[in-house]
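Residue strings, one per chain:
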Amino acid sequence: MGIDIGTSGCKAAVFNKYGEQLALSYRDYNVIFSGGNTAELDSDEVIDKCFDVIKECVLRVEPDSVKGLAISSQGEAFTAIGFNNETLCHAMVSSDMRSQTSLNYLLNKIGEEKLYQITGHTAHPLFTVFKLLWLKENRPDIWDKVKYFFCFEDLLQFKLGLEPAISWSLAGRTMMFDVRKHDWDSGILQEIGISRGQLAKPMPSGSIVGKVDVNIANKLGLSDNTLVVSGGHDQPCSALGSGVVEEGTAMYAAGTVECITPVFNKPVFTEELRKNNLCTYNYTMKDKFTTVAFSLTGGNILKWFRDEFGMQEVAEAKRSGVNAYELLLRDIGNKPSELLVLPYFTSSGTPYFDTKTRGIITGLRLSTHRNDFIRALLEGVAFEMRLNLEILQNSGCAINELRLVGGGSKSINWAQLKADVIDKKITLLNITEAGCCGAAMLACSADTKESLRELAVKWVKPLATVYPKAEYKKLYKEKFQQYNNLYKTFKNISI
């Protein structure tokens, strides 16, 4: 079983030894916004719904057939647990930005360059360490009662009755973890005032943590011998579930946020990566490393268009049962748009972490057609991902194949657009739940002793490969240069 704990919901899926998905369950929950740059989850609700999806999946397979489970978890969010094992606060998720005021303290104490060399990340309020500092400074009533600080992987293990462990890849997203020594950094912990005993034990992904408590297992319908195996941060778990096991390949998650996650054979620390906010941390395979390149606008840009201008497609979808997105993507054509879009309809993500520059659409004429407009929006996001890939290539991290998963992988037209703009081949896969699949692979490998490479070949099957069209190569290269100039021109203009 693979369990995927996301920001808007949790999933559980059960796979057999051949990688065939036997059961899937999902529950959603709401992010709590209470003003002042807050974004939180009710941790008790999240765990209750994780238990719900586990129980529901178990009911759909043979009794006692789940041999092991692992957890794919969103990064950064933490929960404070008290001395009676009670939840002391909601979890501050990645988009909670109130810890901006806590950045300077740690930067002054340790230094930006040293922090990067230890953790592989550049300082940003999304990371756990700065959220903990905010809690210490602003909620001493909670801070003084804390027994443990857990991310969601280790929190669920704790609630399953185990002495929890945190995977190296998830620990890396706290910015308290030495990604080369694979351990909590004593200097960082000392500066923020917490002890190792308040954190879960770091373990490489795929390590056996223990067995589910007998009483809890009985309540969930699991056997008394169900293994719990360390999983990982959601992006590296999804990359593993996409069959990314060899250097030169990367997962391209085309969802509400677009994200590229490759695998490296060694840690890569360069000034180019640091200044462009492209991190280096542990992958879900031991002795492998990864980074995360992402656009926060991503597929949200198509949802925005559907909600604001796609009433015709929404109405047609209700009549025909065909998805509104499919209707929008059906007629985007195969020729480059005459428009150019800077897709900063939210904060930018990598490489700039730009929270101020707004989205821009240029080249509009009265002759501009609606479908050309849609294509240009999608091209803009693809140009942003191409920018990230070029930075990685300049740092010696060339990526030759992108393995596409997520909602965007359902449209061959959209996949072709991405291949043309980015100038890389894109592989479509048989996997629909990459995060759960990657976590289940880790659990299966720990149980059967098969290597992750063997499982990736067995479980993940390419369905099609989309190649960039040669006739558009020169034009998209020119448009990419224009795209880079567009950002340089408009980044200092405030609206």
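A brief look at the structure comes next. As the structure is a computational prediction, the values presented were derived from the model and not from experiment.

## So, the overall build of the protein
A count of helices and strands for the protein gives 19 helices and 24 strands. Based on the C-alpha atoms only, the size of the protein along its principal axes is roughly 65 × 55 × 40 Å. Taken as a whole, the protein presents about 20,500 Å² of accessible surface, with 49% of it coming from carbon and sulfur. One way to put it: in the protein the 56 positive side-chain charges average out to a point 3 Å from where the 57 negative ones average out.

## Looking at the sheet that holds strand E15 (residues 249–254)
Taken in spatial order, the 6 strands make up an open sheet running E19-E16-E15-E22-E23-E24, and their pairing is mixed. At either end of the open sheet lies a strand with only one pairing partner, and these are strand E19 (293–295) and strand E24 (462–466). Here the strands of the sheet are splayed against their neighbours by 20° on average, with no regard to which way each runs. As defined by bridge partners, strand E23 (residues 425–429) adjoins E24 across 4 bridges and the pair is classed as antiparallel. For Leu 428, the partnering residue across the bridge sits in E24 and is Ala 464.

## Some thoughts on the side chain of Gln 157
Examined against the element boundaries, Gln 157 turns out to sit in helix H6 (residues 152–159). Accessibility expressed as a relative area gives 0% for Gln 157, which makes it buried. Of note is the side chain of Gln 157, whose polar atom sits 2.7 Å from the backbone nitrogen of Ala 165. For Gln 157, the residues in contact, after removing those within four places along its chain, are Ile 71, Leu 162, Pro 164, Ala 165, Val 209, Val 228 and Ser 230.

## Some points on the pairing of strand E2 (residues 9–15)
Of all 7 residues in E2, 6 are buried; the element is thus mostly enclosed. As defined by bridge partners, strand E1 (residues 2–5) adjoins E2 across 4 bridges and the pair is classed as antiparallel. Bridged to Ile 3 within E2 is Ala 12. The hairpin formed by E1 and E2 contains 3 residues between the paired strands. Bridging between E2 and strand E3 (residues 21–28) involves 7 bridges; their strand directions are antiparallel. The partner of Lys 11 across the bridge, within E3, is Tyr 26. Following E2, the chain reverses through 5 residues before pairing antiparallel with E3; Gly 19 in that reversal takes a positive phi of roughly 85°.

## Re the pattern of salt bridges
For the structure shown, the criterion picks out 26 salt bridges. Two residues, Asp 183 and Arg 196, come together in a salt bridge whose shortest N-O distance is 2.9 Å. A residue pair is termed long-range when its members are at least 10 positions apart, and Asp 183 in strand E11 (residues 183–184) and Arg 196 in the loop between helix H8 (186–192) and strand E12 (201–203) qualify at 13 residues. Classification of Asp 183 as partly exposed rests on a relative accessible area of 29%. Taking the relative accessible area as the measure of exposure, Arg 196 reaches 38% and is therefore partly exposed. Across the pair Arg 453 and Glu 246 runs a salt bridge whose closest N-O atoms are separated by 2.8 Å. Of this pair, Arg 453 sits in helix H18 (residues 452–459) while Glu 246 is found in the loop between helix H10 (234–241) and E15, placing the two residues 207 residues apart along the sequence. On the accessibility criterion, Arg 453 (34% relative accessible area) is partly exposed. Look at the salt bridges and you will find they share partners, linking Glu 112, Glu 113, Glu 271 and Arg 274 into a network.

Reading the values: the criteria
- Residues numbered from 1 in each chain as written.
- Predicted model: local features only at pLDDT ≥ 70, side-chain atom pairs only at ≥ 80, totals over all residues.
- Heavy atoms only, no water.
- Helix = DSSP H or I, 4+ residues; strand = E, 2+ residues; numbered from the N terminus.
- Areas by Shrake-Rupley, 256 points an atom, 1.4 Å probe, with all protein chains shown as cover.
- Lys, Arg positive; Asp, Glu negative; His and termini not counted.
- Charge placed at Lys NZ, Arg CZ, Asp CG, Glu CD.
- Pairing = 2+ DSSP bridges.
- Axes fitted to C-alpha atoms, helices over the stretch in contact; angles between N-to-C directions.
- Buried < 20%, exposed > 50% of the residue type's maximum accessible area, 1.4 Å probe, protein only.
- Polar contact = N/O pair within 3.5 Å; in protein donor to acceptor, adjacent residues only side chain to side chain.
- Contact = heavy atoms within 4.5 Å.
- Salt bridge = Lys/Arg side-chain N within 4 Å of Asp/Glu carboxyl O.

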